[in-house]
Amino acid sequence: MSLSSHTGVMNFGFLQTKNAPAINRSVGIIGAGPSGLAAAGLLASQGYEVHVYDKLPKPGGLMVFGIPSHRIPADRISRGVRDLERRLGVTFRTNTKICCSAPMHEEEGDHFAADILGLSDLTDNHDAVVICSGSWKSRKLTIEGSDLAGVYSSLQFLFPIRAIKYAHSNVSMPDVKGKKVIVIGAGHSAVDVVDSARTLGAEDISLVYRRTVAEAPCGKFEIDRIQEMGVSWLEKRTPEAILGSDHAEKLVVHNGVTGEREELDADIIVSAIGEIPTPPFQKELGLENVRKGDVRWLNMTAMDNVFVAGDVLSGPSKIGKAVYSGLRAARSLANWLDLKAQSREAEYNFDADKISR
Amino acid sequence: MEEQKTLFIDYSKCIGCETCEAVCRFLYDTPRIAMSRTIDGEIVPLYCQHCEKAACQRVCKRGAIHRDAQGAVLHDPMKCRGCETKDCLIACPYAAFFATCKGVAVAKCDLCKKRRAEGLHPACVEMCPCDAIKFIDRTAIASLKTEASEEAFKRVMAHIRPKKFVD
Ligand SMILES: Cc1cc2nc3c(=O)[nH]c(=O)nc-3n(C[C@H](O)[C@H](O)[C@H](O)COP(=O)(O)OP(=O)(O)OC[C@H]3O[C@@H](n4cnc5c(N)ncnc54)[C@H](O)[C@@H]3O)c2cc1C
């Protein structure tokens with residue numbers, strides 16, 4: 001077994017050293033996005049028995065089901081997952097949603113879950129649990145006409161493009177070919193929607209943003225690039241309503257420069273205005289306090305032995321931030337169980353662990 | 001002579017996800033590879049290229065910077081006096097020295113010296129989701145360069161060494 005780099009692998013087990021003794025501890029991780037996979041890698045490297053649960057058919061989280069494949073090589077991630085399984089003995093249970101009392105079919109991808117388990121099933125069966133369930137609920141437009149057919153959120157639009165591979169009767173690709181598409185927003189997901197719409201053969205694409213290019217979170221380089229591709233960039237336009245009888249036909253915007261009201265033709269309107277966290281069991285876990293750092297143990301929720309990491313805690317962020325959070329939660333979990341095993345919880349030095357935010 | 005390995009980042013493959021910085025921060029507290037946002041909004045990691053003729057090594061009056069057998073340019077905190085001029089930081093053409101405001105004044109990449117001693121590769125290389133960071137023999141870098149990578153590299157250099165300030 002080689003420890004050195006496996007080319008072509010996102011090596012979540014990068015912390016594995018030669019002589020990690022196996023320890024008799026089992027951890028359940030909810031969510032196989034970058035935070036969950038990083039936590040799994042660290043704990044498995046330390047000899048933990050690790051089980052990762054994900055409601056989707058394939059591990060990877062938004063790296064696999066959100067970010068378009070032309071930007072992130074899916075192979076490298078799936079090889080990393082396979083490496084976790086084979087080399088580090090991590091067990092993956094896909095198509096399994098962990099639930100409390102939350103209503104079903106609420107977020108993108110819920111319909112893949114064939115199996116439903118309660119959080120207590122996990123806490124009963126593992127020494128500790130890490131919740132890494134991400135931030136999948138899209139912020140919805142609230143203007144008039146937002147619920148017309150043909151209006152999507154960015155994840156509603158992007159998710160099926162990646163998920164269709166796992167053939168499921170409930171997944172249908174947005175039909176974009178030859179259509180007029182308007183994307184609202186100027187973040188990276190807005191750009192991802194634009195690129196995907198183009199790949200799917202959209203006839204005409206416009207990007208509508210309420211501020212100017214200088215303020216666009218995705219930056220001028222990206223805006224220049226998509227304009228070169230023939231996308232219209234419409235800045236200083238605030239969406240006011242969507243018109244249409246049974247299907248979106250026009251987006252009404254207020255032009256901040258001329259003060260005029262404009263009607264833009266559209267067949268499909270995608271709002272890429274961000275995601276919000278969807279923690280299962282928000283209240284029971286006291287996540288608000290974890291966010292503020294007001295906890296007795298870094299990354300631990302109000303429930304003993306239940307930790308939390310990644311976008312579910314921070315809100316939408318980035319792969320790197322999620323990885324960092326997952327690693328820290330895993331380290332914190334290991335420290336906690338170590339001290340607890342010796343009944344020395346009180347000695348934990350919270351501030352020392354906190355220094356590197 | 002041993003193989004001289006260093007890092008090479010193909011900026012045209014990089015999506016600015018910060019994973020390199022994150023794992024570096026996790027291991028060393030002060031990351032030695034750090035994200036920077038260009039005026040045009042590209043988010044890129046700045047990193048030490050372990051130059052063959054290292055400017056940092058040349059300017060350090062304390063001799064606190066040396067090169068190990070594998071070609072890694074290392075900073076020796078025992079010799080570093082944390083001088084106020086921070087010549088190393090200013091001399092680095094790639095903005096890859098980082099002031100720490102802690103005990104040791106500056107931090108720089110050592111190609112994960114400890115990990116290498118165990119036969120492991122630098123952590124950023126292992127965890128990059130996009131395979132944009134390579135740990136390779138210096139002589140092989142040329143073969144990795146593409147038109148797109150060179151274009152992207154130029155944009156990064158224009159960001160850290162803007163023409164209007166340099167002749
Ligand atoms: C369109 C788009 C583009 C992006 N582009 C970039 C980019 O270029 N660079 C970048 O750094 N970041 C980007 N991001 C953000 C990045 O993908 C996320 O920040 C990151 O994936 C968060 O990681 P995570 O592990 O916290 O959660 P996720 O990646 O969201 O993973 C969470 C996992 O938990 C599972 N899950 C959720 N609830 C349950 C449950 N109850 N039971 C079982 N499983 C559950 C989900 O199925 C999912 O697999 C982008 C995001 C989007 C939406």
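Check the entry above for the structure.
Residues numbered from 1 in each chain as written. Chains lettered and ligands numbered in written order. Predicted model: local features only at pLDDT ≥ 70, side-chain atom pairs only at ≥ 80, totals over all residues. Heavy atoms only, no water.

Would you take a moment to explain the environment of A:Ala186 for this structure?
Residue and element names in this part refer to chain A. Within the secondary structure, Ala 186 sits in the loop between strand E9 (180-184) and helix H6 (188-199). Along the chain, Ala 186 and Val 308 lie 122 residues apart, while their C-alpha atoms are 30 Å from each other. Each residue touching Ala 186, except ones within four places of it in the same chain, is listed here: Tyr 209, Ala 216, Pro 217, Cys 218 and Trp 233. (Helix = DSSP H or I, 4+ residues; strand = E, 2+ residues; numbered from the N terminus. Contact = heavy atoms within 4.5 Å.)

Whenever I open this one, the packing of aromatic side chains confuses me. Can you help?
Remark: the centre distance and the inter-plane angle together describe each pair of aromatic rings, the angle taken between the planes. Tallied over the full model, the rule gives 6 aromatic pairs over all chains. For the pair A:Tyr152 and A:Phe157, a centre-to-centre distance of 5.8 Å together with 85° between the ring planes defines the contact as edge-to-face. One aromatic cluster in this structure is built from A:Phe65, A:Trp136 and A:Phe159. The ring of A:Trp136 has A:Lys55 lying over it, and the distance from NZ or CZ to the ring centre is 5.8 Å. Just above the ring of A:Tyr324 sits the side chain of B:Arg25; from NZ or CZ to the centre is 5.9 Å. (Phe/Tyr/Trp six-rings, centres within 6.5 Å; stacked < 30°, edge-to-face > 60°. Lys NZ or Arg CZ within 6 Å of the ring centre and 35° of its normal.)

Can you walk me through the site of the ligand in this structure?
Surrounding the ligand, one finds 34 residues, the nearest of these being A:Ser35, A:Asp54, A:Arg71, A:Trp136 and A:Asp311. The environment around the ligand is built from residues contributed by chains A and B. Relative to its unbound accessible surface of 1,000 Å², the ligand loses 97% to contact with the protein. Secondary structure elements with two or more residues in the shell around the ligand: helix H1 (34-45), strand E4 (96-99), H6 and helix H11 (319-341) of chain A. Grouping the amino acids of the shell around the ligand by side-chain chemistry returns 15 nonpolar, 11 polar and 8 charged. (Near = heavy atom within 4 Å. Areas by Shrake-Rupley, 256 points an atom, 1.4 Å probe, with all protein chains shown as cover. Nonpolar A, V, L, I, M, F, W, Y, C, P; charged D, E, K, R; others polar.)

Mind showing me how you'd approach the interface of chain B and chain A here?
At the junction of the two partners, chain B supplies 30 residues and chain A supplies 36 residues. Interface area lost by chain B to chain A is led by B:Phe26, B:Glu126 and B:Met127, which between them contribute 24%. Summed over the shared surface of chain B and chain A, the result is 3 salt bridges. Here A:Lys321 and B:Glu18 are joined by a salt bridge, their closest N and O atoms 2.9 Å apart. Linking chain B with chain A are 11 residue pairs in polar contact (both at pLDDT 80 or more). Breaking the side of chain B that touches chain A down by element, the ones donating at least two residues are helix H1 (19-28) and helix H5 (123-127) of chain B. At 6 residues, the largest contribution of residues to the side of chain B that touches chain A is made by H1(B). A class-by-class count of the residues in the side of chain B that touches chain A yields 14 nonpolar, 5 polar and 11 charged. (Buried area = accessible area lost by both parts, 1.4 Å probe. Salt bridge = Lys/Arg side-chain N within 4 Å of Asp/Glu carboxyl O. Polar contact = N/O pair within 3.5 Å; in protein donor to acceptor, adjacent residues only side chain to side chain.)

Teacher, can you tell me more about the packing of H1(A) against H11(A) here?
Each pair of packed helices can be described by the angle between their axes along with the distance between the axes. All names here are of chain A. It is at 7 Å that the axes of H1 and H11 come closest, and there the two elements cross at 40°. Judged by the angle between their axes, H1 and H11 are oblique. For the pair H1 and H11, the crossing hand works out as right-handed. Across the interface between the two elements, Pro 34, Ser 35, Ala 38, Ala 39, Leu 42 and Leu 43 from H1 touch Ile 319, Ala 322, Val 323, Gly 326, Leu 327, Ala 330, Arg 331, Leu 333 and Ala 334 from H11. Considered class by class, the residues forming the contact of H1 with H11 number 12 nonpolar, 2 polar and 1 charged. (Axes fitted to C-alpha atoms, helices over the stretch in contact; angles between N-to-C directions. Parallel < 35°, antiparallel > 145°, perpendicular 65-115°, else oblique. Left-handed = near helix turned anticlockwise from the far one by under 90°.)

When you look at the packing of H1(A) against helix H3 (residues 74-88) of chain A in this model, what are you seeing that I'm missing?
All names here are of chain A. Look at H1 against H3: their axes get within 11 Å of each other, and the N-to-C directions meet at 15°. With respect to each other, H1 and H3 are oriented roughly parallel. With respect to the hand of their crossing, H1 and H3 are arranged in left-handed fashion. Contacts from Leu 37, Ala 40, Gly 41, Ala 44 and Ser 45 in H1 reach Val 81, Leu 84 and Leu 88 in H3.

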